[in-house]
Amino acid sequence: MMSTPRKLALIALLLLSLSGCASATGDFGLLYTGVSVPGPVTDNEVGLKTGKSCVTHILFIPLSRSDKPPMATAAEDGEIVHIGTVNHSTMNVLGLFRRSCTVVTGE
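Residues numbered from 1 in each chain as written. Predicted model: local features only at pLDDT ≥ 70, side-chain atom pairs only at ≥ 80, totals over all residues. Heavy atoms only, no water.

**Some details on the overall build of the protein**
For clarity, the cut-off: Strands are runs of DSSP state E lasting at least two residues, helices are runs of H or I lasting at least four, and both sets are numbered from the N terminus onward. To sort residues, take the accessible area from a 1.4 Å probe on protein chains only and compare it with the maximum for the residue type: under 20% means buried, over 50% means exposed, and anything in between is partly exposed. Here the Shrake-Rupley method, with its probe set to 1.4 Å, supplies the accessible areas, and only the displayed protein chains count as covering residues.
Along its length, the protein carries two helices and five strands. Put simply, the protein runs from its N terminus to its C terminus through helices and strands in the order α-β-β-β-α-β-β. For the protein, with 107 residues in total, the buried portion stands at 21%. For the protein, the accessible surface area stands at approximately 7,700 Å², while carbon and sulfur atoms represent 65% of it.

**Some words on the pairing of strand S5 (residues 97-106)**
The condition is simple: Should DSSP find at least two bridges between two strands, the strands are regarded as paired.
Bridge count for strand S2 (residues 49-58) against S5 is ten bridges, and the pairing is antiparallel. Looking at the pairing, Lys 49 lines up with Gly 106 of S5. Pairing analysis gives ten bridges linking strand S4 (residues 83-93) to S5, with the strands arranged antiparallel. Bridge pairing links Asn 92 to Arg 98 in S5. The loop that links S4 with its antiparallel partner S5 comprises three residues; one of these, Leu 94, has a positive phi angle of about 55 degrees.

**Examining the state of the cysteines**
Applied cut-off: Disulfides are defined in this document as cysteine sulfur pairs within 2.5 Å.
Tallied over the entire structure, the rule returns one disulfide. Each sulfur of the disulfide joining Cys 54 and Cys 101 lies 2.1 Å from the other. Residues Cys 54 and Cys 101 are joined by a disulfide whose S-S torsion is about 115 degrees; by sign, that bridge is right-handed. With Cys 54 in strand S2 and Cys 101 in strand S5, the pair connects residues that are 47 residues apart, well separated along the chain. Residue Cys 54 is classed as partly exposed on the basis of its relative accessible area of 23%.

**Description of the confidence of the model for the protein**
For the record, the criterion: pLDDT is a per-residue confidence score from the predictor, ranging from 0 to 100. Residues count as neighbours in contact if any of their non-hydrogen atoms are within 4.5 Å of one another.
Here the protein shows a mean pLDDT of 82. Residues at 70 or above account for 80%. Segment residues 21-26 is flagged for pLDDT under 50; beyond a separation of four residues in sequence, or across chains, it makes ten contacts in the model.

This is the structure in structure tokens:
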């Protein structure tokens with residue numbers, strides 16, 4: 001029979017291992033998660049220009065920072081004035097490494 005502190009530690013470890021696994025689409029994985037969520041934003045044409053903005057986290061600490069939202073940073077990267085579509089993708093490994101990218105297209 002396990003003692004109460006051991007039970008609480010086991011429950012906490014289980015809850016910690018399951019946190020942060022969910023995504024916007026409901027897909028999740030305990031060890032690895034890779035999700036891409038595409039979708040149009042406006043009635044603007046898709047366009048030929050593409051811009052990308054990515055942020056990498058290690059142990060929940062971002063390796064780069066921007067004062068602007070990812071969509072604005074991606075639009076600047078592709079020199080886009082009128083955004084047609086926005087695609088978001090996230091890759092997560094054990095909750096220790098995460099890379100989130102935003103790709104915009106437009107003119």
